[in-house]
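Breakdown of the fold
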Amino acid sequence: MAVTVTTMKKMKADKDKITWLTAYDYSFASLIDGQGVDAILVGDSLGMVMQGHDTPIPVTIEQSCYHTECVARGVTNTMVVGDLPFGSYQTSKEQAYENAVKLMQSGAHTVKLEGGELQIETIQFLVERGIAVCAHIGLTPQSVHQLGGFKVQGRGAAAKQLIEDALGVEQAGAFAVVLEAVPQNLAQEITERLNIPTIGIGAGPACDGQVLVLQDMLGIYPKRSPKFSKNYMQGAESVQNAVGRYVSEVKEGIFPAEQHSFN
Ligand code: KIV
């Protein structure tokens, strides 16, 4: 049966770890779909790993839609999460709706956008119109220049704001929240306080699920991969085998380990 937002909510309640991976094309999407991954995020990380930019900022809604279409053709069970790129949802909630519709008409089942409390109105607007929204807080790569680099977020006094962001997006109706590059204790506290699943990337093992960028976890990205990723091709006989190991390590609580987490 296809994975839905209801499946993910139940997985959190049952303490069954959720696995997400990014993908941007048909072939990898079909391969991932066959390995029991719960969701494929057609992330705007495509700007870096597919297009060779240093940030996701140049990605357009048309490019996001194109890659979402390619991925959607490859899946039968896995949820497809389309990513609203930089500049495609910040002007107004109507702009966000228009572009979320484009992603869904390209085959996304749900959409993701970056931001916490500041995006509450937009999340609410989309949810009221039948769109399942995943929020993304912590290190939000579209704001990399404002953040001063790809840095850990939520340390010290900033933790309070991150908790408020998480509670706010849940209240607004988000079905899940991605926590990127945040201290593991903070991610644990957020995970315990929310009813919706937290999907961590560099947020430690307590999150309800994990997501990695495919090219990082296959060790094929030519630039430096982040500390929180793991190369699953090492010792694997095939890409299928590597993806399968990622799924079982997340399910068994082996990944992420201490060396992939922040304090
Ligand atoms: O674009 C992306 O791949 C993402 C993940 C890093 C969560 O947003």
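So, here's what we can say about the structure.

Buried within helix α2 (residues 26–33) are the following residues: A29, L31, I32 and D33. The inward-facing, buried residues of α2 abut β1 (18–22), β2 (39–42), α4 (61–72), α10 (214–217) and α11 (239–251). The distance from a side-chain oxygen at the start of α2 to the backbone nitrogen of F28 is 3.1 Å, and the residue carrying that oxygen is D25.

Attention now goes to the sheet that holds strand β7 (residues 198–201). Read around the closed barrel, eight strands run β1-β2-β3-β4-β5-β6-β7-β8, paired in parallel fashion. Ignoring strand direction, the axes of neighbouring strands in this sheet form an average angle of 25°. Of the strands in this sheet, β5 (133–138) and β6 (176–180) touch helix α8 (residues 158–172), which is tilted by about 175° from β5.

By size, the foremost hydrophobic cluster in this structure holds 63 residues, and its most contacted members are L21, L179, M217 and Y246. Counting residues per element, this core draws most heavily on α8, which supplies six residues. If we skip the residues at most four places from it in the chain, L21 touches I32, V37, A39, I40, L41, V211, L212, L214, M217, V243 and Y246. In this structure, M8, W20, V81 and I199 belong to the second largest nonpolar core, which totals 20 residues.

Note that V169 resides in helix α8. Taking relative accessible area as the criterion, V169 reaches 0% and is therefore assigned buried. Taking the C-alpha atoms as reference points, V169 and H136, 33 residues apart in sequence, are found 9.3 Å from one another. If we skip the residues at most four places from it in the chain, V169 touches G115, G116, I123, A135, A174 and V177.

Cut-off values and rules
- Residues numbered from 1 in each chain as written.
- Predicted model: local features only at pLDDT ≥ 70, side-chain atom pairs only at ≥ 80, totals over all residues.
- Heavy atoms only, no water.
- Buried < 20%, exposed > 50% of the residue type's maximum accessible area, 1.4 Å probe, protein only.
- Helix = DSSP H or I, 4+ residues; strand = E, 2+ residues; numbered from the N terminus.
- Contact = heavy atoms within 4.5 Å.
- Polar contact = N/O pair within 3.5 Å; in protein donor to acceptor, adjacent residues only side chain to side chain.
- Pairing = 2+ DSSP bridges.
- Axes fitted to C-alpha atoms, helices over the stretch in contact; angles between N-to-C directions.
- Core = buried A, V, L, I, M, F, W, Y, C linked by side-chain atoms within 4.5 Å.

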